[in-house]
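Okay, here's what each chain looks like letter by letter:
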Amino acid sequence: QVQLVESGGGLVQPGGSLRLSCTASGKFASINELGWYRQAPGKQRSLVARVTRGGSTRYADFVKGRFTISRDNAKDTVYLQMNSLKPEDTAVYYCNADIQHVRLTPYVTHWGQGTQVTVSS
């Protein structure tokens, strides 16, 4: 059973920083793209950032210059460094991964359970 386990959320003051981590566990062949999404109360889940296996990244406009996504392929882990946090960044952050369970089979999208980030003074 493949699982994505997130950590690093919490309460931070405006202007502060947090680093989220997400590690894939279980038996699988490979991981393609990894990403972070977020969902605020009453809103739809939306893309924050994604990173390819080769390290190419893309970001939502509202986090450009403040957040950085990275991955460690040896550890099957993706990170989200969040700086200059704003109250509007408050949301549940979800990790997302395209995982190939067995070689030569299609990639399957998996989601983590979510981690709460609250930005408030």
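Residues numbered from 1 in each chain as written. Predicted model: local features only at pLDDT ≥ 70, side-chain atom pairs only at ≥ 80, totals over all residues. Heavy atoms only, no water.

(A) Layout of the overall build of the protein. Counting its secondary structure elements, the protein contains zero helices and 11 strands. Radius of gyration (C-alpha) of the protein: 14 Å, near the 14 Å computed for a compact globule of 121 residues. Considering only C-alpha atoms, the protein reaches an extent of 50 × 25 × 25 Å along its principal axes. For the protein, the proportion of its 121 residues judged to be buried stands at 41%. By sequence separation, contacts in the protein at least 24 residues apart represent 56% of the contacts at least 6 residues apart. (Helix = DSSP H or I, 4+ residues; strand = E, 2+ residues; numbered from the N terminus. Rg over C-alpha atoms; globule rule 2.2 N^0.38 Å. Buried < 20%, exposed > 50% of the residue type's maximum accessible area, 1.4 Å probe, protein only. Contact = heavy atoms within 4.5 Å.)

(B) Seen up close, unusual backbone geometry. Residues other than glycine seldom take positive phi values, yet Asp-76 does so here, at roughly 50 degrees. Relative to the helices and strands, Asp-76 is located in the loop between strand 7 (67-72) and strand 8 (77-82). For Ser-84, which is not a glycine, the phi torsion comes out positive at approximately 50 degrees. Tracing the chain through its elements places Ser-84 in the loop between strand 8 and strand 9 (91-100). The class for Ser-84 is partly exposed, based on a relative accessible area of 40%.

(C) Representation of the pairing of strand 11 (residues 115-119) in the model. The side-chain alternation of strand 11 yields one buried face, formed by Thr-115, Val-117 and Val-119, and one unburied face, formed by Gln-116 and Thr-118. Inspection of the sheet shows strand 2 (residues 10-12) paired to strand 11 by three bridges, in the parallel sense. Across the sheet, Val-12 pairs through a bridge with Val-119, a residue of strand 11. With three bridges joining them, strand 9 and strand 11 adopt antiparallel strand pairing. Along strand 11, the bridge assignment pairs Tyr-93 with Thr-115. (Pairing = 2+ DSSP bridges.)

(D) Region of interest: the pattern of salt bridges. This model, assessed by the stated rule, comprises five salt bridges. The closest approach of N and O atoms between Arg-50 and Asp-98, which form a salt bridge, is 3.2 Å. A residue pair is termed long-range when its members are at least 10 positions apart, and Arg-50 in strand 5 (residues 46-51) and Asp-98 in strand 9 qualify at 48 residues. Take Arg-50 and Asp-98: they sit in the same class, and that class is buried. A salt bridge links Lys-64 to Asp-61, with the nearest nitrogen and oxygen atoms 3.2 Å apart. Through salt bridges with shared partners, a single network forms among Glu-33, Arg-50 and Asp-98. (Salt bridge = Lys/Arg side-chain N within 4 Å of Asp/Glu carboxyl O.)

(E) How the structure looks around the environment of Cys-95. Topologically, Cys-95 is positioned in strand 9. Judged by relative accessible area, Cys-95 falls into the buried class, the value being 0%. Distance from Cys-95 to Trp-111, taken between C-alpha atoms, is 5.7 Å for residues 16 residues apart in sequence. Those residues in contact with Cys-95 that sit more than four places away from it in its chain are Leu-4, Glu-6, Cys-22, Gly-35, Trp-36, Val-78, His-110, Trp-111 and Gly-112.

(F) Structural context of the environment of Asp-76. Residue Asp-76 is classed as partly exposed on the basis of its relative accessible area, which comes to 27%. Considered as a pair, Asp-76 and Ser-25 are 51 residues apart in the sequence and their alpha carbons are 7.9 Å apart.

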